[in-house]
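# Structure assessment
Residues per chain, in single letters:
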Amino acid sequence: MSIDYKYLSELLFPDVTMTEEELLAKYPPRNLPEGAKVTRFAPSPTGFVHFGGLFPTLVSERLAHQSGGVFYLRIEDTDSRREVEGAAGALVKTLAHYGIHFDEGVTVDGEAGDYGPYKQSERADIYHVFAKRLVAEGRAYPVFSTDAELEEIKTADKKAELKAVNWETDADSRREAMLARRNFTVEDVERELAAGHKFALFAIAEGDGTRKRKVNDLVRGDLLLPENDEDVVLLKSDGIPTYHFAHVVDDHLMGTTHVVRGEEWLPSLPKHLQLFSYMGWKPPKYIHISQIMRQDADGSKKKLSKRDMGANLDDYSRLGYSPRVVIEYVMTLLNSNFEEWRAQNPDRDYTEFPFNVKKMSSSGCLFDMKKLDDVAKNVISRMSAEDVYAQLCGWAEKFEPDFARRLSDKDYALQIISIGRGGKKPRKDYGTWVELYNYMSPFYDETFAVEDEYPENVSRADIKSALTSFADSYDENDDAGAWFEKIKSICAPLGYCADMKEYRANPDAYKGSVADVSMMIRVAVTGRLNSPDLYTVMHILGRERSISRIRDMINKL
RNA sequence: GGCCCGUUGGUCAAGCGGCUAAGACACCGCCCUUUCACGGCGGUAACGCGAGUUCGAUUCUCGCACGGGUCACCA
């Protein structure tokens, strides 16, 4: 007995009154210049923004804005169980912090744009219009479940069970179960509905899994994927669509031209293509980008997961990485010629870089903290002192309030930050605000501390003597040359060599060199074996503080 | 297990039938240097394996191996 699909569709979706034409009229084609791309970031609001999520996001953003198109934010909150309160707003803020802005879609306090709503949970009516059509055309069918069964499906136990199935022997039984589900009568449906049971809607797969189809991916080229032969869940029993159906409907309605997503979606691409074809719509172009991996202790590669350091974008703020650093690093991974371009255009904004899909890698890459640090030093070294100061203050206010207070003496801070800055080859002393904080601490009495000890083999008497002579002869008005000459003159009486070349040629004739004498002063003044240029440091500190630190050291010895 | 994607130095990678197989990070050495750095110069280090196609394969084809992904009323 054949089924009256039109009747079935009315049975299943009595509340759907809007026609497809009426609906489509609300989503007219976008009026954009030739070649403009429409892309989106479509996360599920499950919490923080993942570092890996930055990749497709940045690609999407570049593609859209580089072409004069539209980049929008759609929230895929179709799984209420996983939703985290306030995640959407936090997400917008985090991305804004990284300089990634949306033209339309969900905002911190609402929505903007003509193609909404942009939250999938608010689009149920829309999906139902198309779902109804699919039923009427005999391409989708309901599967009923009692509340108890639903409860079972949605528990963790059931999911664990599903994970543990033996794939080898289970394939056939899964297929059988699928075929059995397609078998029902209108009377069955009427009875289930009358009993108040909920249904999920499945699409009938018409593909032949043994046949392959050529499918294009913009970075991977032509792929040979099997036709889809698995019925896809369109609507869950709560009436909310699955990702698969929502993706097809929304991206068509919202005019998305390029879908950029992780490669984990590649296996379900045939499902999506099949749905587009059922709907009679042209699918968007796809870009599947590879996952970011991390090196595991045993040497194997693992997907960068939530718990890993550097996975949460907020970690970077805390560690003091400028958002620009993170973006710069992502760009170097995203486009293989970005570093080369950067070398030639050290001061241009990254948005001026001609982003090219062809230069994207299709193999996965390992997250490399060392490389990030190198990028960080480069980026920070090119920034102006004012810029560094402003960002440092922002970080300090959040994570080192005491330091932030000290920073309020802007001129003083600027003097320190300006060391080695500017010019063709600026110094690369620090890449993060944490490092800069540490770099600056000897300049403030509150954080000045003698952290490094004098080496054991250096005579304390010599140190005392050198420090005393130096303090006695110190004149703040000396230029760098005169200043250093005085240090040299301390050397000979103590048996240290004032000339490095001479010392190197004949090291056994001396107790040490002028380098060692400088070290004695450096430790007294900065508390460390390493510091920026001592002459500069002493001038920033001022005579008073420099000399009193030296006197303190003499007394301590 | 089926299916899909991938495989050039430790890492990221250029390469697109003929190259002494770029470059960056890391590492090592030297130089510069009052320290550490910065910088400069140089060095170690790679086409997973096996067949084929070809005058010639890192590059094309096939198999194998390895790595990753996926197989939910999650996304």
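This is a predicted model, so every value here is computed, not measured.

Moving on: the overall build of chain A. When helices and strands are tallied, chain A shows 25 helices and 16 strands. Relative to the compact-globule value of 24 Å for 557 residues, chain A shows a C-alpha radius of gyration of 33 Å, a clear excess of over 25%. Seen along its three principal axes, the alpha-carbon backbone of chain A occupies a region of about 115 × 50 × 40 Å. Burial analysis of chain A (557 residues in total) assigns 48% to the buried set. In chain A, once contacts between residues fewer than 6 apart in sequence are set aside, the share between residues at least 24 apart is 73%. Accessible surface, chain A: about 27,600 Å² in total, of which carbon and sulfur atoms supply 50%. Across chain A, the mean location of the 74 positive side-chain charges is 4 Å away from that of the 91 negative side-chain charges.

If you trace the four strands from one edge of the open sheet to the other, you get β1-β2-β3-β4, paired in mixed fashion. Both edges of this open sheet fall to β1 (38-41) and β4 (110-112), since each of them pairs with a single strand only. Neighbouring strand axes in the sheet, compared pairwise and without regard to direction, differ in orientation by 20 degrees on average. Bridge count between strand β2 (residues 70-73) and strand β3 (residues 104-107): two bridges; the pairing is parallel. Its bridge partner being in β3, L73 is matched across the sheet by G105.

Further remarks concern the side chain of E76. The residue E76 is located in the loop between β2 and α4 (87-97) in this model. Note on E76: relative accessible area 7%, which makes it buried. Of the polar contacts made by the side chain of E76, one reaches the side chain of R74; its length is 3.0 Å. Leaving out residues up to four positions away in the same chain, E76 has contacts with A42, P43, S44, P45, Q120 and Y243.

This part covers helix α21 (residues 480-494). The end-to-end C-alpha separation of α21 is 22 Å, in line with the 21 Å expected for 15 residues at 1.5 Å each. Within α21 the residues assigned to the buried category are W483, I487, I490, C491 and L494. Here the buried residues of α21 occupy an arc of 115 degrees about the axis, which is enough to place them on one side. More than 90 degrees from the buried face of α21, the exposed residues found are S489, A492 and P493.

Attention now goes to the nonpolar core. Counting 157 residues, the largest nonpolar core has F51, L407, M440 and I550 as the members making the most contacts within it. The element contributing the most residues to this core is helix α23 (residues 514-526), with eight residues.

So, on to the protein's contact with RNA strand B. Residues in contact with RNA strand B amount to 60 residues; listed here are only the nearest, S145, K212, R220, K236 and R427. Among the atoms of RNA strand B close to the protein, meaning within 4 Å, 66% are from sugar or phosphate groups. Of the residues forming the surface near RNA strand B, the biggest block, four residues, is contributed by strand β8 (residues 221-226). For the surface near RNA strand B, the residue count by class is 21 nonpolar, 12 polar and 27 charged.

A few words on the environment of D387. Here D387 lies in helix α16 (residues 385-399). Here the side chain of D387 touches R324 through a polar contact of 3.0 Å, side chain to side chain.

One pass over the full model with this rule turns up zero disulfides. Free of any disulfide, C497 has its nearest cysteine sulfur in C491, 7.6 Å distant. The exposure class of C497 is buried, given its relative accessible area of 3%.

The next thing to look at is the sheet that holds strand β9 (residues 232-235). With antiparallel pairing, the three strands of this open sheet are ordered in space as β5-β6-β9. Of all strands in the sheet, those with a lone pairing partner are β5 (140-145) and β9, marking the two edges. The sheet shows a mean angle of 40 degrees between the axes of neighbouring strands, taken without regard to direction. Bridge count for strand β6 (residues 198-203) against β9 is three bridges, and the pairing is antiparallel. Each bridged residue has a counterpart across the sheet, and for L201 the counterpart in β9 is L235.

Per the domain assignment, the segments of chain A are domain 1 (5-17 + 123-289), domain 2 (295-382), domain 3 (385-440) and domain 4 (460-556). Summarising the inter-unit geometry, the C-alpha centres of domain 1 and domain 2 are found 37 Å apart.

Time to look at the confidence of the model for chain A. Overall, the predicted model of chain A reaches an average pLDDT of 90, with 96% of residues at or above 70. As scored by the predictor, the complex reaches a pTM of 0.91 and an ipTM of 0.93.

Before going further, it helps to examine the pattern of salt bridges. In the structure shown here, the tally under the stated rule is 34 salt bridges. Of the charged contacts, one joins R123 and D250 as a salt bridge, the two residues approaching to 2.8 Å between their closest N and O atoms. Here R123, found in the loop between β4 and α5 (124-136), pairs with D250, found in helix α10 (residues 243-253); they are 127 residues apart in sequence, far enough to count as distant. You can call D250 buried: its relative accessible area is 0%.

This part covers α4. Buried residues of α4: A87, A88, G89, L91, V92, T94 and L95, and no others. On its buried face, α4 is in contact with β1, α3 (54-66), β2, β3 and α12 (313-319). Directly beyond the C-terminal end of α4, a positive phi value near 80 degrees is found at G99.

Inspection of every chain in the model, using the stated rule, returns 30 aromatic pairs. A centroid spacing of 5.6 Å and a plane angle of 35 degrees characterise the contact between F51 and Y316, whose relative ring orientation is tilted. Residue F51 is located in the loop between β1 and α3, and its partner Y316 is located in helix α12; the two are separated by 265 residues in the primary sequence. Y316 sits in the buried class, given a relative accessible area of 1%. Between the aromatic rings of F403 and Y444, the centroid separation amounts to 6.3 Å while the plane-to-plane angle is 85 degrees, which identifies the pairing as edge-to-face. Note that F403 is positioned in helix α17 (residues 401-406) and Y444 in the loop between α19 (433-440) and α20 (460-473), a separation of 41 residues in sequence.

On to the packing of α20 against helix α25 (residues 543-556). The N-to-C vectors of α20 and α25 enclose an angle of 155 degrees; their axes lie 10 Å apart at closest approach. Overall, the two elements α20 and α25 adopt an arrangement that is roughly antiparallel. Crossing of α20 against α25: the hand is left-handed. Each of K464, L467, T468, F470, A471 and D472 in α20 lies in contact with α25, whose residues at this interface are I547, I550, R551, M553 and I554.

Cut-offs applied
Residues numbered from 1 in each chain as written. Chains lettered and ligands numbered in written order. Predicted model: local features only at pLDDT ≥ 70, side-chain atom pairs only at ≥ 80, totals over all residues. Heavy atoms only, no water. Helix = DSSP H or I, 4+ residues; strand = E, 2+ residues; numbered from the N terminus. Rg over C-alpha atoms; globule rule 2.2 N^0.38 Å. Buried < 20%, exposed > 50% of the residue type's maximum accessible area, 1.4 Å probe, protein only. Contact = heavy atoms within 4.5 Å. Areas by Shrake-Rupley, 256 points an atom, 1.4 Å probe, with all protein chains shown as cover. Lys, Arg positive; Asp, Glu negative; His and termini not counted. Charge placed at Lys NZ, Arg CZ, Asp CG, Glu CD. Pairing = 2+ DSSP bridges. Axes fitted to C-alpha atoms, helices over the stretch in contact; angles between N-to-C directions. Polar contact = N/O pair within 3.5 Å; in protein donor to acceptor, adjacent residues only side chain to side chain. Expected span 1.5 Å × (residues − 1). Arc of directions from axis to C-beta. Core = buried A, V, L, I, M, F, W, Y, C linked by side-chain atoms within 4.5 Å. Near = heavy atom within 4 Å. Nonpolar A, V, L, I, M, F, W, Y, C, P; charged D, E, K, R; others polar. Disulfide = S-S within 2.5 Å. Domains from an automatic or database assignment. pLDDT = per-residue confidence, 0-100. Salt bridge = Lys/Arg side-chain N within 4 Å of Asp/Glu carboxyl O. Phe/Tyr/Trp six-rings, centres within 6.5 Å; stacked < 30°, edge-to-face > 60°. Parallel < 35°, antiparallel > 145°, perpendicular 65-115°, else oblique. Left-handed = near helix turned anticlockwise from the far one by under 90°.

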